[in-house]
Amino acid sequence: MKNICVVGTGYVGLTTGVCFADLGHSVTCIEIDLHKLELLRSGKSPIFEPGLEELQERNMRAGRLRFTDDYAVGIPDAEFIFITVGTPMGEDGSADLTYVKAAARSIGQYLRSGSIIIDKSTVPVGTGDMVENIIAEYAGPDVKFDVVSNPEFLREGSALSDFFKPDRIVLGAKNREAAQRVAALHETLGAPIIITDLRTAEMIKYASNAFLATRISFINEIAQICERLGADVREVARGMGADKRIGPHFLEAGVGYGGSCFPKDVLALYHMAASAGCHPQLLQAVMDINSDARKRFVKKVETVLGDLEGRVIGVLGLSFKPNTDDMREAPSVDIINSLLKKGARVKAYDPVAMARAEELLPTVTFTATAYDVAKDADALLLVTEWNEFKQLDWQRIKRYMRQPVVIDGRNLYDPREMRNLGFIYWGVGRGEAPVPIMEEAQNIGD
Ligand code: UDX
């Protein structure tokens, strides 16, 4: 059993704290937002993540997990201190390190010799060195400590299984022995451990996320070409993915990537590269293709319906992906704002993200079920592929709609089945486009 302190209880921090407690360690999480702290102390999770709240409650009851706003309580006895504070996108697109710096200062004030500070927040290359300098300044020359970079690869919606069954653990440090102590902490997970220097570990995180984002933009570009040439991008991805060198993951075409990581990390890497004198052409293309995917989706609605003024559009799914209530950089927000700007009225439904979506989209009507969204709608748009949208009663939906138009931004439905059911259906990159139903609609495709 080790004493662990986790600074910051966002997605990564809370998951890390709860899961280490579940592995039998004694964990103190520091959270300075008092509203959040109160919630956490009552056994509630401020975020929606399947299984997390149950595990949090169980480990609190077992006495292995506690929450405080006081660094003096969490830091002095901790052998391992994880920094998991937010690194939001700064105004110029680079990562804002305000919270990381503040955490380093506070840790430095209470640190005792022999501790390891582990940077888990996604931070620009070189931040580990900066954290080390800040802590050294505040801790004074007699306190000996190490800094290790340990980037996280948790996906929202499957954060627990990603923690307990990681593909790899990356540890970067100046002092290899410190990295090995952190490796020992992860031993029970049985994952391959990659030990590098600090800056390389920081870069692995950015390069991994940028590569996954590149795969998504690549397949979205292929989807566009498929649509024009009459091929089916899902089959193309299947055929490509069977090649071991390519692999099947992250080749789903759609309305593009969103969330708290990919958009922020690709942009931050772009900025790091540019300020180091590089010309990151591929990263620029990845970002451009991603924002075009949202625009193309709205264009499809216009192609089918013509002028959107006064049209009623139903939207299924709002969160940036299923199994989360996270609305950060969700494609739905850009898509809906663009529809509203073109004069459409928008109704929307999401199984868990509506409370968060209401703050971002105040003029949208949120409905209690997927079926209510369809009522009097001129078109139904599938934006997030929640499981509950897979098996809808389409006859019922068709009866409710003003006209049976379904535009599928995630290729959740079978084009032939939808057309057999009498829908005008348009997916992403799956052969031919439907015939526009409005006379004024021209130029099918882009
Ligand atoms: C991501 C990384 O996967 C994780 O390793 C990292 O540390 C944090 O960022 P997350 O943002 O939770 O995780 O979601 P992820 O499942 O990776 O999906 C990101 C976005 O890409 C979503 O908007 C999703 O809809 C989109 N996506 C994903 C696609 O459009 N196509 C795909 O094939 C896969």
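Per an unreviewed UniProt entry, the chain is named UDP-glucose 6-dehydrogenase, and its organism is Chloroflexus aurantiacus. Note on the chain: under the UniProt heading Sequence similarities (unreviewed entry), the record states "Belongs to the UDP-glucose/GDP-mannose dehydrogenase family." You can read under Catalytic activity (unreviewed entry) in the UniProt record for the chain the words "UDP-alpha-D-glucose + 2 NAD(+) + H2O = UDP-alpha-D-glucuronate + 2 NADH + 3 H(+)".

If you trace the eight strands from one edge of the open sheet to the other, you get β3-β2-β1-β4-β5-β6-β7-β8, paired in mixed fashion. Two strands lie at the open edges of the sheet, namely β3 (65-68) and β8 (193-196), each paired on one side alone. Going from strand to strand, the sheet's axes swing by 25 degrees on average, the running direction of each strand aside. Pairing of strand β6 (residues 145-149) with strand β7 (residues 169-173) involves two bridges; the strand directions are antiparallel. Looking at β7, one finds that Ser149 is bridged to Gly172. On top of the sheet, helix α8 (residues 176-185) reaches β4 (80-83), β5 (115-119), β6, β7 and β8; it is set at about 155 degrees to β7, its chief contact. Set on the sheet, helix α9 (residues 198-229) makes contact with β6, β7 and β8; between it and β7 the angle comes to about 145 degrees.

The next point concerns helix α1 (residues 11-22). For α1, which comprises 12 residues, the first-to-last C-alpha distance of 16 Å matches the rise-based estimate of 16 Å (1.5 Å per residue) to within 8%. With respect to burial, α1 is a largely interior element, 11 of its 12 residues being buried. Those residues of α1 that sit buried are Tyr11, Val12, Gly13, Leu14, Thr15, Thr16, Gly17, Val18, Cys19, Phe20 and Ala21. Residues of α1 that are buried sit in contact with β1 (3-7), β2 (26-30), α3 (52-61), β3, β4 and α7 (159-164). Trailing α1 by a residue or two, Gly24 shows a phi angle of about 100 degrees, which is positive.

Looking now at the pairing of β7. Extensive coverage of β7 is indicated by the burial of four of its five residues. The parallel pair β7 and β8, bridged by α8, forms a crossover whose chirality is right-handed.

Before going further, it helps to examine the site of the ligand. Near the ligand lie 19 residues; those nearest to it are Glu156, Glu252, Tyr257, Gly259 and Cys261. No other element matches the three residues that α9 contributes to the shell around the ligand. Taken together, the residues of the shell around the ligand break down into 10 nonpolar, four polar and five charged. Looking at which domains feed residues into the shell around the ligand, each of domain 1 (3-196) and domain 2 (198-446) supplies at least three.

The next subject is the UniProt feature "binding site: NAD(+)" (unreviewed entry) in the chain. Look at the UniProt record and you will see "binding site: NAD(+)" (unreviewed entry) annotated at Lys36, Thr87, Thr122, Glu156, Lys264 and Arg328. In three dimensions, the annotated residues from a span of 293 residues occupy distinct locations, with a maximal C-alpha spread of 23.9 Å. With respect to the helices and strands, the residue Thr122 is situated in the loop between β5 and α6 (127-139). By the C-beta count within 10 Å, which is 21 here, Thr122 ends up buried. Counting through the fold element by element, Arg328 comes out in the loop between β9 (312-316) and α13 (331-341). When the 19 C-beta atoms within 10 Å are taken as the criterion, Arg328 is described as partly exposed. The contacts of Arg328, once residues within four sequence positions are left out, are Gly259, Ser260 and Phe320.

We now examine unusual backbone geometry. Phi at Asn323 is positive, roughly 65 degrees, even though this residue is not glycine. Summarising the element assignment, Asn323 is placed in the loop between β9 and α13. Judged by the 19 C-beta atoms lying within 10 Å of it, Asn323 is partly exposed. Although it is not a glycine, Asn411 sits at a positive phi angle of roughly 50 degrees. Topologically, Asn411 is positioned in the loop between β13 (405-408) and α17 (415-420).

A word on the environment of Ser260. On the secondary structure map, Ser260 appears in the loop between α10 (233-241) and α11 (262-275). Separated by 104 residues in sequence, Ser260 and Glu156 have C-alpha atoms that sit 9.3 Å apart.

What the six strands build is an open sheet, ordered β11-β10-β9-β12-β13-β14; its pairing is parallel. Each edge of the open sheet carries a strand with a single partner, namely β11 (365-366) and β14 (424-426). By the bridge criterion, five bridges tie β9 to strand β10 (residues 345-349) in an arrangement that is parallel. Paired with Val315 across the strands is Ala348, a residue of β10. Where helix α12 (residues 281-305) meets the sheet, its contacts fall on β9, β12 (379-382), β13 and β14, and the angle it forms with β13 comes to roughly 160 degrees. Relative to β10, α13 is tilted by about 155 degrees, and along the sheet it contacts β9 and β10.

Conventions used here
- Residues numbered from 1 in each chain as written.
- Predicted model: local features only at pLDDT ≥ 70, side-chain atom pairs only at ≥ 80, totals over all residues.
- UniProt positions renumbered as here; feature names shortened; annotations may be inferred.
- Pairing = 2+ DSSP bridges.
- Helix = DSSP H or I, 4+ residues; strand = E, 2+ residues; numbered from the N terminus.
- Axes fitted to C-alpha atoms, helices over the stretch in contact; angles between N-to-C directions.
- Contact = placed C-beta atoms within 7 Å.
- Expected span 1.5 Å × (residues − 1).
- Buried ≥ 20, exposed ≤ 12 C-beta atoms within 10 Å, placed from the backbone.
- Right-handed = clockwise from strand over helix to strand, strands pointing away.
- Near = placed C-beta within 6 Å.
- Nonpolar A, V, L, I, M, F, W, Y, C, P; charged D, E, K, R; others polar.
- Domains from an automatic or database assignment.

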